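# Descriptive analysis of the structure
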Amino acid sequence: MTQLTRDDVLKLAQLARLDITEDEIALYQKELSTILQYVEQVQKADVAGLKPTTQVTGLTNVMRDDTVADYGVSPDELLRQAPNVQDRHIKVKRMIT
Amino acid sequence: MSRWLPIADLAAKVQTGQLKAVDLVERALKTIEDKKEYDAIISIISERSRERAAAIDAAAAKGEDVGRLAGVPFIAKDNYLVFGAETTAASNMLRGFTAPYQSTVVEKLEAEGAICVAKANLDAFAHGGSTENSDFFVTKHPMDKTRVPGGSSGGSAAAVMLDMAPFALGTDTGGSIRQPASFVGAVAYKPTYGLMSRSGVVAMASSTDVMGPITRTVEDAALVVDVMAGRDPLDSTTIERNPKGYANASSSLKGKTFGLITEWMGEGVDPAVKNKIEEAAKKLQAAGAKVTRISLPSLPLALAVYYIIVPAELSSNLARHDGQRYPFASEEGRDLNGSYGKSRGIGFGKEAKRRIMIGTYVLSSGYYDAYYRKAQTVRTKLINEFNEAFAKVDFLIGPTAPTTAFKIGENANDPLKMYLADVMTVAASLAGIPAVVVPTGLASDGLPVGLQIMGVQRSDRELLGVAQAAEEVLV
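Residues numbered from 1 in each chain as written. Chains lettered and ligands numbered in written order. Predicted model: local features only at pLDDT ≥ 70, side-chain atom pairs only at ≥ 80, totals over all residues. Heavy atoms only, no water.

## Here's the deal with the sheet that holds strand 10 (residues 435–442) of chain B
Residues and elements named next belong to chain B. Basically, it comes down to this: A pair of strands is considered paired only if DSSP assigns at least 2 bridges between the two. Helix and strand definitions follow DSSP, with helices as H or I runs of at least four residues and strands as E runs of at least two, each counted in order from the N terminus. Lines fitted to C-alpha atoms define the axes, with helix axes restricted to the stretch in contact, and inter-axis angles between N-to-C directions lie between 0 and 180 degrees.
Pairing is mixed across the open sheet formed by eleven strands, whose spatial order is 1-3-2-4-6-5-10-11-9-7-8. Each edge of the open sheet carries a strand with a single partner, namely strand 1 (41–44) and strand 8 (290–294). Put simply, the sheet's adjacent strands are angled 30° from each other on average, direction ignored. Where strand 7 (residues 257–261) and strand 9 (residues 395–399) come together, three bridges link them in parallel fashion. Directly across from leucine 260, in strand 9, lies its bridge partner isoleucine 397.

Next up, the structure:
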């Protein structure tokens, strides 16, 4: 029975890049443990000889020509959605601290 | 306001000029305004709708072919990229996002003359079964404002039953089209996985996400499916359409075999729901169908499988919402990593964060095999059981949800209890099989119950045909 600790929740939040509040840490510690305890029932299932399913309709590699196509959307339109743009680049905060 | 005519009739009359597309659009916009207290709608697309309607009327007057859905207004769930309004997915994270392109299925509907007049409310990022997880507001049930309309496509389902438009689009990852339709008494169609392009729709879980319509009748749903279906170079998981199409497929119930799923008629199912489904099974039999009981022993595991696979996939899909590419960003954070954490911590609602962390957990090193890989393998077992069942019967039937529409707030503080609302819909999603919800009328508690009918993969035409025949005897 998985019971997440406060540190487990902080680690998950850090991996998922989610800054969460003190209240949320306590709440998720409880709620995520309950959800994980529920889904753990899959571990008891007998699946001898079975392979995992990743694609349900049986499609395999779907190929296309590697050519430039016009999708009717300009890079400028796409860039317009970003909160911080400079010289047609998305500007972010410094990466190395 | 009275009901809309059948979609095919509306389009035919717009073509001949007996009805004007501009009037249909005005009627939709007025109904949306008159019924705004239900909070079904996030945004209204008035200017573009009126322009398109006028152009369609002008083309029709010149005798041009204006399409099979000419002038027919529709409402898209707000996770479809549509011109003329923001696409928010009912999340603070996507507030201010204006689609630079449209989803493939909306393009196809527009090419046949349909007009998107509004965007409907949902649980943020389609995470939920009640619209209570919308970051904006809760949609009210059309018959009882103290109840939820289901979800996540609750706004779309309510809009159809409030006659805001003849059809609405929903998305279904684990029941998000079907469960709200059952709650409000609408028809819903969840196609075979891959039948409709996912391009231009905000992704939730890529291995189960499908697009589909919510309507008042199966006939209307089939026509919309016929327009939406087919391969799309922009979505390499799409499959070929049936050359016969999906409209006008009505068939007879005589001689058809249905398996009533025993796992869904036992404990934990509201007796009011069970009675309606038993009654529906008898009506199908009376119309000449053969109904047997059938067991799929792994079905009780489906919800656990779903709540491992889907959080895993959505935690990956939602990684793109990082405060750098889409409008929402927190100014806080002293470096890039800090900006990610702050933007995501503030921008995502509680349910999105919950699911992202569950997904992160089941995919993390050391837990991957015990959770994600194991769930994918149990998924295979479930698919095998569906295949065995479809070797014995033509279609499977059962309830759509274990209850009728619940009260607003009733499940809000218990995420696991909320997840249980999906217990009968997730299995078809995991197996990629098509499922349709047909109204059966009102249960003893006065609320609607929908019969869920499932077919084998790629049997969409046959399923819509039998659903139309079932609709005649059920309602």
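## A short note on the layout of surface pockets
Residues and elements named next belong to chain B. Our working definition: Lining residues are those with an atom within 4 Å of a point, where the points come from a 1 Å grid over the protein atoms alone and group into cavities, where a 1.4 Å probe fits but cannot get out, or pockets, open sets with protein on both sides within 12 Å along at least five of seven lines. Grid points are joined across faces, edges and corners, and a volume is the space filled by probe spheres set on the points. Think of it as three bins: nonpolar holds Ala, Val, Leu, Ile, Met, Phe, Trp, Tyr, Cys and Pro, charged holds Asp, Glu, Lys and Arg, and polar takes everything else, Gly as well.
By volume, the largest pocket is sized at about 500 Å³. Taken together, 26 residues line the largest pocket, and the ones lying closest to its centre are Leu81, Tyr101, Val201, Arg320 and Tyr326. Grouping the constituent residues of the lining of the largest pocket by class yields 15 nonpolar, six polar and five charged.

## Brief notes about unusual backbone geometry
Residue and element names in this part refer to chain B. We apply this condition: Burial classes follow relative accessibility: with a 1.4 Å probe on protein chains only, a residue under 20% of its type's maximum area counts as buried, one over 50% as exposed, and anything between as partly exposed.
Note that the residue after glycine 151, namely serine 152, is joined by a cis bond; omega there is 5°. Its identity as a non-glycine residue notwithstanding, aspartate 39 has a phi of 55°, on the positive side. Position of aspartate 39 relative to the elements: it lies in the loop between helix 2 (21–34) and strand 1. Residue aspartate 39 is classed as partly exposed on the basis of its relative accessible area, which comes to 22%.

## Observations concerning the pattern of salt bridges
For clarity, the cut-off: Within this document, salt bridges are pairs made up of a side-chain nitrogen of Lys or Arg and a carboxyl oxygen of Asp or Glu, the two lying within 4 Å of each other.
One pass over the full model with this rule turns up 28 salt bridges over all chains. Taking the shortest distance from any N to any O, the salt bridge between B:Arg68 and B:Asp226 comes out at 2.7 Å. On the criterion of sequence distance, the pair formed by B:Arg68 in the loop between helix 3 (46–61) and strand 2 (73–77) and B:Asp226 in helix 7 (residues 218–228) is long-range, its members being 158 residues apart. Owing to a relative accessible area of 8%, B:Asp226 belongs among the buried residues under this scheme. Its salt-bridge partner being B:Arg198, residue B:Asp235 comes within 3.2 Å of it at the nearest N-O pair. In this pair, B:Asp235 sits in the loop between helix 7 and strand 7 while B:Arg198 sits in the loop between strand 5 (187–190) and strand 6 (210–215), placing the two residues 37 residues apart along the sequence. Of the two residues, B:Asp235 and B:Arg198, both sit in the buried class. Three or more residues joined by partner-sharing salt bridges are found here, namely A:Glu31, B:Glu351, B:Arg354 and B:Arg355.

## A few points about the confidence of the model for chain B
Any segment with low pLDDT has predicted coordinates that should not be analysed in fine detail. Our working definition: Confidence of the predictor at the level of single residues is captured by pLDDT, which takes values from 0 to 100.
Averaged over every residue, the pLDDT of chain B is 97; the share at 70 or more is 100%. Per the prediction output, this complex has pTM 0.97; the corresponding ipTM is 0.96.

## Comments concerning the nonpolar core
Residues and elements named next belong to chain B. Spelled out, the test is: Each nonpolar core is a collection of buried residues, namely Ala, Val, Leu, Ile, Met, Phe, Trp, Tyr and Cys, held together in the definition by side-chain atoms within 4.5 Å. Residues count as neighbours in contact if any of their non-hydrogen atoms are within 4.5 Å of one another.
If you look at the biggest cluster of nonpolar residues, it comprises 181 residues, and the most contacted ones within it are Ile75, Tyr80, Leu109, Phe258, Phe386, Ile453 and Met454. The element contributing the most residues to this core is helix 9 (residues 302–317), with eleven residues. Once residues within four sequence positions are removed from consideration, phenylalanine 386 is found in contact with Leu296, Leu299, Leu396, Ala427, Ala428, Ala431, Ile433 and Met454.

## Brief notes about the packing of helix 2 (residues 22–39) of chain A against helix 11 (residues 350–363) of chain B
The condition is simple: Relative orientations are named as follows: roughly parallel for angles under 35 degrees, roughly antiparallel for angles over 145 degrees, roughly perpendicular for angles from 65 to 115 degrees, and oblique for any other angle. Crossings are assigned a handedness: left-handed for a near helix turned anticlockwise from the far helix by less than a right angle, right-handed for a clockwise turn.
Packing of helix 2 of chain A against helix 11 of chain B leaves a shortest axis separation of 11 Å and a crossing angle of 55°. Put simply, helix 2 of chain A runs oblique to helix 11 of chain B. Judged by the twist between their axes, the crossing of helix 2 of chain A over helix 11 of chain B is right-handed. Contacts from A:Glu24, A:Leu27, A:Tyr28, A:Glu31, A:Leu32, A:Ile35 and A:Leu36 in helix 2 of chain A reach B:Lys350, B:Lys353, B:Arg354, B:Met357, B:Ile358, B:Tyr361 and B:Val362 in helix 11 of chain B. Among the residues making up the contact of helix 2 of chain A with helix 11 of chain B, the classes are represented as nine nonpolar, no polar and five charged.

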